[in-house]
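Residue-level structure breakdown
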Amino acid sequence: MTDYSLKPKVQEKQYNIYIDNFSIEDFKAKITEQIRGKKVLVVISKKVEKLYGEKIFPLCDDEKFTVYKFILPDGEKHKNFKNYQKILNFALKNGFTRRDCILAIGGGVVGDIAGFAASTYMRGIDLVQVPTTLLACVDSSVGGKTAIDTDFGKNLVGTFYQPKAVIININFLQTLDEKQFKTGLGEVVKYAFIEKSCGTVEYENLINFLGENFEKLMKKDVFTLKRIVEICVALKISVVEKDEHENDLRRILNFGHTLGHAIEKYTGYKKYTHGEAIVQGMIFAFNQAYKIGLIDENYKFAALDLISKFDFRAVKMPSMKKLANLMRMDKKANADKIVFVLPKDFGQVQICEFATDELY
Ligand code: GLY
């Protein structure tokens, strides 16, 4: 087993992110290592429980801890206050104390709601993240954002709360359906376009890597997937270490998201996946950056070419006026200006503000 671990240092604490194509035994042992001696509340997606529940449980050394399972139905609509409260009540009813822990196994919905529960239960108990989708591996499980959705929008209630560990088993990605896989690829492509701005020591040139390894990636070749997850996670850590609370640099992780979130909101989070929406946001960003002279034609076409290779489902664009109203309500918005992350050079981005009429 190769053990690739990254150690981000945020909130004055350091934790490990393990990325590997773990065998089931090694995977169970790695989880066990993190939770030994504690009572464990497993929050697991219904789909993952069905596919992997019998393989993962019982964990190793079962006598050393007690496992309670909370199965969360799949889908963004379940990341709500009611389920958050149910998780807390379940923990309270079963006598969880501050010394115990929550283990989140699933995609972004599970990670976000379980993370929020862990961060608020008795003012914070240990959290171990086990992401099972590509999107959760490269984005939501890393960096400490937790949240639930409200009637007023997505992720409007939440905390910054770093986990005790993140355990990424690349093998989970093999059973993702095409829709889930592609939504994660949208975030992967995003990292390629922001790579140089993330401030890592090593420059991997993810744009080229994706171009050169495209076929292997689409066939879900394990080593290609592992390398891509490693690169994306290293980039995310580099950003989060510098700006955990998104006061400045972390905003670059929202490349494509200003417009993307507005598209998702406008279509009720039903019509397009997150990946499809942010890809449309990136296409808009490249066009806008070219329009105002930030990038030249060569980079714009090279970028759009890479995006088109992935054959993401096209978004039928609502009018910019309608989207602009939603973008002004975004958490990232500033008074009546709309904040965008725009490309400025190969793999580099910058933050720009626009009045609505500058977007047409
Ligand atoms: N998903 C963007 C961030 O974690 O900041």
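Everything numeric in this text was worked out from a predicted model, so none of it was measured. (Residues numbered from 1 in each chain as written. Predicted model: local features only at pLDDT ≥ 70, side-chain atom pairs only at ≥ 80, totals over all residues. Heavy atoms only, no water.)

**Topic: the packing of helix H11 (residues 274-291) against helix H12 (residues 297-309)**
Defined as follows: All axes are obtained by fitting lines to C-alpha atoms, using only the stretch in contact for helices, and the reported angles, taken between N-to-C directions, cover 0 to 180 degrees. Segments assigned H or I by DSSP are reported as helices when at least four residues long, segments assigned E as strands when at least two residues long, and all are numbered from the N terminus. Any angle that falls under 35 degrees is termed roughly parallel, while one over 145 is termed roughly antiparallel, one within 65 to 115 roughly perpendicular, and all others oblique. Working rule for contacts: check all heavy atoms of both residues, and any pair within 4.5 Å makes them a contact. Side-chain classes are defined by residue name, with Ala, Val, Leu, Ile, Met, Phe, Trp, Tyr, Cys and Pro counting as nonpolar, Asp, Glu, Lys and Arg as charged, and the others, Gly among them, as polar.
With their axes 10 Å apart at the nearest point, H11 and H12 run at an angle of 170 degrees to one another. One element, H11, and the other, H12, form an angle in the roughly antiparallel class. In this structure, H11 uses Val279, Met282, Ile283, Phe286, Asn287 and Tyr290 to contact H12, whose residues at the interface are Glu297, Tyr299, Lys300, Ala303, Leu304 and Ile307. Each residue belonging to the contact of H11 with H12 can be placed in one class, and the counts come to 9 nonpolar, 1 polar and 2 charged.

**Quick notes on the environment of phenylalanine 255**
For clarity, the threshold we go by: Relative accessibility decides the category of a residue: with a 1.4 Å probe and only protein chains considered, values under 20% of the type maximum give buried, values over 50% give exposed, and everything between is partly exposed.
Counting through the fold element by element, phenylalanine 255 comes out in the loop between helix H9 (222-242) and helix H10 (257-266). According to the relative accessible area criterion, phenylalanine 255 is buried, its value standing at 0%. For the pair formed by phenylalanine 255 and leucine 176, sequence separation is 79 residues and the distance between their alpha carbons is 24 Å. Once residues lying within four places of it in the same chain are set aside, the contact partners of phenylalanine 255 are Lys190, Phe193, Ile194, Met282, Ala285, Phe286, Val341, Leu342, Pro343 and Val349.

**Quick notes on the site of the ligand**
Where we set the bar: Nearness is defined per residue: one heavy atom within 4 Å of the molecule or strand is enough. Definition of a polar contact: a pair of N or O atoms within 3.5 Å, with one able to donate and the other able to accept a hydrogen when the atoms are protein atoms, and with sequence-neighbouring residues admitted only if both atoms are side-chain atoms. What sets the accessible areas is the Shrake-Rupley method with a 1.4 Å probe; for residues, cover comes only from the shown protein chains.
Around the ligand lies a shell formed by Asp139, Lys145, Lys236, Glu246, Arg250 and Leu253. Interatomic distance of 3.0 Å between a side-chain N/O atom of aspartate 139 and a nitrogen atom of the ligand. Lysine 145 places a polar side-chain atom, nitrogen or oxygen, 2.9 Å from an oxygen atom of the ligand. Across the complex, the protein chains shield 90% of the 200 Å² of accessible surface that the ligand would expose by itself. When its residues are assigned to classes, the shell around the ligand shows 1 nonpolar, no polar and 5 charged.

**With respect to the pattern of salt bridges**
Two side chains bearing opposite charge may form a pair once their charged atoms approach each other closely. Our working rule: Think of a salt bridge as a Lys or Arg side-chain nitrogen and an Asp or Glu carboxyl oxygen that are within 4 Å of each other.
Considering all chains together, one arrives at 16 salt bridges under this definition. Of the charged contacts, one joins lysine 79 and glutamate 76 as a salt bridge, the two residues approaching to 3.3 Å between their closest N and O atoms. Classification of glutamate 76 by relative accessible area gives partly exposed; the value is 26%. Between lysine 190 and glutamate 187 there is a salt bridge, with its nearest N and O atoms 2.9 Å apart. You can see lysine 190 and its partner glutamate 187 sitting in helix H6 (residues 178-194), 3 residues apart, about one turn around the helix. Judged by relative accessible area, lysine 190 falls into the buried class, the value being 0%. Within this structure, Glu76, Lys79, Asp112 and Asp149 form a network of salt bridges that share partners.

**Topic: the nonpolar core**
Here is a general trend for soluble globular proteins: nonpolar side chains tend to be buried in one another's company. What counts, and what does not: Buried residues of nine kinds, namely Ala, Val, Leu, Ile, Met, Phe, Trp, Tyr and Cys, make up a nonpolar core once their side-chain atoms join them within 4.5 Å.
Ile17, Phe193, Leu210 and Val229 are the most contacted members of the largest nonpolar core, which totals 75 residues. When residues in this core are grouped by element, the largest group, 10 residues, is from H9. Core analysis: the second largest hydrophobic core is formed by 23 residues, Leu41, Phe70, Ala91 and Leu127 among them.

**As for a nonpolar patch on the surface**
For clarity, the threshold we go by: Residues form patches when they are more than 30% accessible in relative terms and have no salt bridge. Like charges link within 9 Å. Nonpolar side chains (Val, Leu, Ile, Met, Phe, Trp, Tyr) link within 5 Å.
Residues Phe152, Leu156 and Val157 make up a contiguous nonpolar surface patch of about 300 Å² in total accessible area. As for its position among the elements, valine 157 is in strand E10 (residues 153-160).

**With respect to the packing of aromatic side chains**
Here is the rule: Planes of paired rings set the category: under 30 degrees apart is stacked, over 60 is edge-to-face and the rest tilted, where pairs are Phe, Tyr or Trp rings (Trp by its six-membered ring) whose centres lie within 6.5 Å. We call a charge positioned over a ring when the NZ of a Lys or the CZ of an Arg lies within 6 Å of the ring centre and within 35 degrees of the ring normal.
Counted by the stated rule, this structure contains 17 aromatic pairs. Between the aromatic rings of phenylalanine 340 and phenylalanine 354, the centroid separation amounts to 5.9 Å while the plane-to-plane angle is 65 degrees, which identifies the pairing as edge-to-face. Of this pair, phenylalanine 340 sits in strand E12 (residues 338-345) while phenylalanine 354 sits in strand E13 (residues 348-354), and the two are 14 residues apart along the sequence. Taken as a pair, phenylalanine 340 and phenylalanine 354 share a single burial class, namely buried. An aromatic cluster of at least three residues, connected via ring pairs, comprises Phe193, Phe255, Phe286, Tyr299 and Phe346. Over the face of the ring belonging to tyrosine 18 we find lysine 30, whose NZ or CZ atom lies 4.1 Å from the ring centre.

**What about unusual backbone geometry?**
The general pattern is negative phi for most residues beyond glycine and trans for most peptide bonds. Omega for the peptide link from phenylalanine 57 to proline 58 comes to 0 degrees, which places this bond in the cis form. Checked against the element boundaries, proline 58 lands in the loop between helix H2 (46-56) and strand E6 (66-72). Positive phi is not limited to glycine here, since glutamate 246 has a value of about 55 degrees.

**Points about H12**
We apply this condition: In this scheme, a helix's expected span is set at 1.5 Å multiplied by one less than its residue total. What the arc measures is the spread of directions leading from the helix axis to the C-beta atoms.
Counted at 1.5 Å a residue, the expected span for H12 with its 13 residues is 18 Å, and the 18 Å between its end C-alpha atoms agrees. Every buried residue of H12 is listed here: Tyr299, Lys300, Ala303, Leu306 and Ile307. Down the axis of H12, the sector holding all buried residues measures 130 degrees, keeping them to one side. Facing away from the buried surface of H12 by more than 90 degrees, the exposed residues are Asn298 and Asp305. Sitting at the head of H12, aspartate 296 places a side-chain oxygen 3.2 Å from the backbone nitrogen of asparagine 298. Immediately downstream of H12, the backbone of aspartate 311 shows phi near 55 degrees, a positive value.

In short, geometric facts, not functional conclusions.
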